[in-house]
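# Analysis of the macromolecular model
Now for the letters of each chain:
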Amino acid sequence: MEELRIIISGGGTGGHINPALAIASIIKQHHPDAEFLFAGTPNGMEATLIPKAGYNFAPIKVSGFQRKINPENIIRNVKAASYLAMSGSRAKKIISDFKPDIVIGTGGYVSGPVLRKAAQMGIPVIIHEQNAFPGITTKMLAHKAEYVMLAVEQAKKFFDDKCKVVITGNPVRKEVISATQKEA
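This structure is a prediction, so every number in the text was calculated from the model and none was measured. (Residues numbered from 1 in each chain as written. Predicted model: local features only at pLDDT ≥ 70, side-chain atom pairs only at ≥ 80, totals over all residues. Heavy atoms only, no water.)

## Things to note about a nonpolar patch on the surface
Together, Ile69, Ile74 and Val78 give the surface a local cluster of nonpolar side chains, amounting to about 300 Å² of exposed area. By secondary structure assignment, the location of Ile69 is in the loop between β3 (56-59) and α3 (71-98). Residue Ile69 is classed as exposed on the basis of its relative accessible area of 62%. (Patch = residues over 30% accessible without salt bridge, like charges linked within 9 Å, V, L, I, M, F, W, Y side chains within 5 Å. Areas by Shrake-Rupley, 256 points an atom, 1.4 Å probe, with all protein chains shown as cover. Salt bridge = Lys/Arg side-chain N within 4 Å of Asp/Glu carboxyl O. Helix = DSSP H or I, 4+ residues; strand = E, 2+ residues; numbered from the N terminus. Buried < 20%, exposed > 50% of the residue type's maximum accessible area, 1.4 Å probe, protein only.)

Now the structure itself:
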């Protein structure tokens, strides 16, 4: 059997990173030889948490756009736009070098360029949305995904009938479920 290769992209908060780690853990239970590469921002929590969990990490510079307009945020948005302009080529390099069978996004702005480029390259994309109110990245890319996995039924109303939506709940790592109170 050929080895399963998976890129998982998501970050910014533990709410995106922990489900990504849980998804990898669940896949590992069924495919022990699966190989993973996580793509995330070089300065986000994921840059520390993913390698600490024992997974390979590929950085991609992306930052979110600020919605409140003031001089400081205008500067941040110019920087975000420049990162976005370069993110497609970085995502393509990550994907081309790793050659994944599938790409999974767990949210956060960093997953956008990776999922978009994977879909353009003909690689199946799956999105997991942890929130009842889906994030911008999820809503923008849902139509490119093979499946959009939702944590809660209420989130389903934000997607049109063309999206293949599956209610899965939020994945939790086995070590979290089986942890003692002291370990927790």
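On we go from here.
## Examining the packing of α3 against helix α4 (residues 111-120)
Direction vectors running N to C along α3 and α4 enclose 65 degrees, while the axes themselves pass 9 Å from each other. At the point where α3 passes α4, the crossing takes the right-handed sense. Facing Ser87, Gly88, Ala91, Lys92 and Ile95 of α3, the residues of α4 in contact are Pro113, Val114, Lys117 and Ala118. (Axes fitted to C-alpha atoms, helices over the stretch in contact; angles between N-to-C directions. Left-handed = near helix turned anticlockwise from the far one by under 90°. Contact = heavy atoms within 4.5 Å.)

## A short note on the environment of Phe98
By the secondary structure assignment, Phe98 is in helix α3. The buried category is assigned to Phe98, whose relative accessible area is 7%. Distance from Phe98 to Thr48, taken between C-alpha atoms, is 21 Å for residues 50 residues apart in sequence. When residues no more than four places from it in sequence are discounted, the contact partners of Phe98 are Arg5, Ile6, Ile7, Glu35, Phe36 and Leu37.

## Side note on the nonpolar core
Counting residues in hydrophobic clusters, the biggest one holds 27 residues, and the most contacted among them are Ile7, Ile60, Val103, Val114, Val148 and Phe159. If you list the elements that add at least two residues to this core, you get β2 (35-40), α3, α4, β5 (125-129) and β6 (147-150). Here this core takes four residues from α3, the largest share from any one element. Ignoring sequence-local partners within four residues, the contact set of Val103 consists of Ile7, Val114, Leu115, Ala118, Ile123, Pro124, Val125 and Ile126. (Core = buried A, V, L, I, M, F, W, Y, C linked by side-chain atoms within 4.5 Å.)

## Focus on unusual backbone geometry
For Lys99, which is not glycine, the phi torsion reads 55 degrees and is therefore positive. As for its placement among the helices and strands, Lys99 is situated in the loop between α3 and β4 (102-107).

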